[in-house]
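This is what each chain is made of:
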Amino acid sequence: MTAFRSLALAMLKGFYRDRATLFFTFVFPLMFLVVFGLLFRDAGAEKITVGAVGEGPVITALRETGVLELERHDSMDEAVRLVRDGDLPAAIEQRGEALTFRFAASDQTQAGTIRGIVDGVVNQLNLADTNQAPRYTVDTSNVEDSSLKPIQYITPGVMSWGVAVTSVFGAALTLVNWRKKQVLRRIRLAPVRATTVLTSRVVVTIGVAMVQALIFLGIGALPVFGLQLVGTWVLAVPVFLLGVLAFFAIGMLVGALCRTEEAASGAANIVVLPMAFLSGTFFPIDQSPAWMQAVSNVFPLRHMNDGIMDFLVRGRDASALLVPCLVLTAFVVVVGAISAKVFQWEDS
Amino acid sequence: MFSHVINAGNGAAVVVEDIRKAYGDLNAVDGVSLSVSEGEFFGILGPNGAGKTTTLEIIEGLREPDSGTVRLLGESPWPRNSALLPRIGVQLQASSFFEKLTAREQLETFASLYGVGAARAAEMLDLVGLADKADTREDKLSGGQRQRLSIACALVHDPDVLFLDEPTAALDPQARRNLWDVLRAIQERGKTILYTTHYLDEAEILCDRVAIMDRGRILAMDRPAALVRGLDAPTQVRLERGSFPRPDAEALPGADQVSEDEQSLTISTRRPADVLSALADRGALDGLQVRTATLEDVFLDLTGREYRA
Ligand SMILES: Nc1ncnc2c1ncn2[C@@H]1O[C@H](COP(=O)(O)OP(=O)(O)OP(=O)(O)O)[C@@H](O)[C@H]1O
Ligand SMILES: [Mg+2]
């Protein structure tokens with residue numbers, strides 16, 4: 001066996017023979033994925049319920065839009081009372097060709113939406129009745145992939161975060177432990193290059209990150225959550241790998257600066273946790289204040305997350321690779337250079 | 001270049017000239033010179049903090065001396081000299097193991113660092129008597145077992161020069177003797193061994209030459225027997241107390257001094273043959289012990305302090 005392979009194997013065994021590490025690598029982030037996934041599963045799919053009285057082509061057409069939920073009532077009086085009490089946003093009655101529409105103006109947005117839908121349906125039916133071809137046609141579809149569900153947002157966030165945590169901790173703890181236990185000194189007495197030790201750790205980190213990603217994607221793709229790899233998802237792979245490298249470099253820096261495992265995990269948490277909160281792991285970044293969005297731009301996690309989402313969710317083309325890849329590469333180079341500078345083989 | 005030729009010529013494995021290393025105000029190594037020939041078994045003795053480990057690590061190339069020169073197999077070990085590394089084997093004083101690996105995996109990993117196959121790793125486990133612990137994790141081994149594993153890791157690539165920092169610390173008497181056999185067998189194959197120990201008796205048995213170190217300096221360096229002889233210390237003949245009257249003892253031919261304690265009566269003599277034959281004549285040999293000077297006495301003589309391992 002080559003030195004490279006046996007070192008990688010030694011690191012890998014140190015990793016998977018530790019229950020706590022396995023938990024924080026796989027189970028812990030998955031818990032977030034599952035909780036968020038279940039919590040937001042039905043978000044956005046909610047329909048507006050409207051009271052309906054009578055029957056006719058308009059009522060039928062409204063039901064077919066799939067946007068409104070029609071709640072049957074025997075008389076318009078009863079339905080209007082419910083609207084007045086705030087239990088329904090609007091009610092509609094069709095008797096032959098006569099239509100009555102009553103709405104509550106208290107929620108203007110919802111009232112406007114329902115009015116728009118009702119008007120649209122009525123106009124369409126009127127036009128169809130004249131047997132004329134419409135002069136203006138609108139090609140309508142939403143900008144996201146049609147399969148868009150909250151899980152598409154949640155998975156990249158939780159995945160980036162989970163992978164970031166594991167990469168930082170893995171690199172830092174190996175470095176600290178091997179230095180503390182004099183393994184680094186001992187390796188230094190063997191004819192092995194420092195780069196061999198380094199690359200074996202890089203390969204182990206990437207390998208573990210890929211297993212994590214596969215598990216997250218696999219769980220997300222379960223029917224309960226319904227994640228789909230759509231559009232240009234393949235382009236997310238380079239962003240993912242560069243992200244892993246950026247966090248590996250941060251881990252090396254933490255490991256180079258800390259003497260004990262306790263100090264290293266503390267420092268790793270201090271680095272990763274704020275990033276997680278400000279980079280869209282736990283809540284979408286575009287809902288946070290502008291200054292916070294600006295601040296989060298300095299975090300590699302933000303760019304990893306955004307970059308992956310660009311392809312997995314927004315289906316953007318390869319030009320969207322540029323920014324995240326550049327930022328993440330810069331992180332790898334700068335942080336990597338600093339850690340190489342402060343690295344020591346032994347505690348002096 | 002010139003010294004390279006000389007060293008290669010006279011078969012010196014290690015030549016150290018006036019090395020010094022200070023940590024702040026403390027002179028950990030304070031002008032040490034020594035040379036070890038190829039195939040020699042060389043011991044460095046001394047109490048805690050004497051500078052043994054520091055000296056060894058400077059020779060191995062793990063530390064840079066503040067001044068002085070080191071030649072290891074004719075080359076300079078500092079800065080890290082990868083041509084030398086496959087030829088030296090090092091057991092560090094604090095055992096250095098990969099986290100969560102078993103004894104066998106430790107050896108296989110170290111073997112692979114030198115491009116040595118797994119078969120050799122199994123051989124090493126047998127050699128140090130750890131075959132039945134092959135699948136035990138490093139942190140579940142006893143202190144002595146860790147020590148033996150650490151030595152096996154130093155031997156795995158069959159180095160020419162072996163550095164062992166207190167290899168017999170924490171070993172039980174049986175394991176210690178087994179290790180002696182292992183080390184002697186290695187020496188018989190022409191390998192050079194540099195080792196440190198606190199056990200002066202052990203060094204006397206194993207080493208061709210020893211250096212006695214204290215406070216960063218070498219106080220004496222020679223074959224153990226020569227050091228003891230040079231001390232010119234009297235032989236102590238010890239009898240059970242009450243088995244022989246003190247005035248008679250003082251009157252024995254060759255008896256220089258007689259002392260008594262709770263258990264025994266001790267006769268100091270420079271003519272042990274005369275004392276012993278006189279005692280034999282009087283039938284007083286039962287329970288008799290003869291103690292000649294040891295390295296401990298040499299240490300006491302050199303430092304004026306009792307040796308405490
Ligand atoms: N890295 C270091 N920094 C500061 N002081 C050190 C360092 N290493 C060793 N020393 C000091 O140098 C002196 C010699 O240490 P060294 O480890 O060489 O002793 P030793 O003879 O091997 O002792 P022991 O028998 O306890 O192993 C000690 O006083 C020690 O405190
Ligand atoms: Mg020591």
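Please read all numbers here as calculations on a predicted model, not as lab measurements.

Caption draft 1: Spotlight on the side chain of T54 of chain B. All names here are of chain B. The residue T54 is located in helix α2 (residues 52-60) in this model. Judged by relative accessible area, which is 12%, T54 ranks as buried. Residue contacts for T54: discarding those within four places in its chain leaves K21, Y23, A28, V29 and R63.

Caption draft 2: How the structure looks around the sheet that holds strand β10 (residues 235-240) of chain B. Residues and elements named next belong to chain B. The sheet built from four strands is open, its strands ordered β11-β12-β10-β13 with antiparallel pairing. Whereas interior strands pair on both sides, the edge strands pair on one side only; in this sheet they are β11 (255-260) and β13 (289-291). Going across the sheet, the axis of each strand differs from the next one's by a mean of 20°, ignoring polarity. Inspection of the sheet shows β10 paired to β13 by three bridges, in the antiparallel sense. Bridge assignment links R238 to a residue of β13, and that residue is Q289. Against the sheet, helix α10 (residues 272-281) touches β10, β11, β12 (264-269) and β13, its axis set at about 20° to β10.

Caption draft 3: Here's a closer look at the packing of aromatic side chains. Enumeration according to the criterion identifies 13 aromatic pairs over all chains in this entry. Judged by centre distance (6.4 Å) and plane angle (70°), the ring pair of F15 of chain A and F26 of chain A falls under edge-to-face. Of this pair, F15 of chain A sits in helix α1 (residues 3-16) while F26 of chain A sits in helix α2 (residues 19-39), and the two are 11 residues apart along the sequence. For the pair formed by F15 of chain A and F26 of chain A, the shared burial category is buried. Across the ring face of Y199 of chain B, the terminal group of R176 of chain B is positioned such that the distance to the ring centre comes to 3.9 Å.

Calculation criteria
- Residues numbered from 1 in each chain as written.
- Chains lettered and ligands numbered in written order.
- Predicted model: local features only at pLDDT ≥ 70, side-chain atom pairs only at ≥ 80, totals over all residues.
- Heavy atoms only, no water.
- Helix = DSSP H or I, 4+ residues; strand = E, 2+ residues; numbered from the N terminus.
- Buried < 20%, exposed > 50% of the residue type's maximum accessible area, 1.4 Å probe, protein only.
- Contact = heavy atoms within 4.5 Å.
- Pairing = 2+ DSSP bridges.
- Axes fitted to C-alpha atoms, helices over the stretch in contact; angles between N-to-C directions.
- Phe/Tyr/Trp six-rings, centres within 6.5 Å; stacked < 30°, edge-to-face > 60°.
- Lys NZ or Arg CZ within 6 Å of the ring centre and 35° of its normal.

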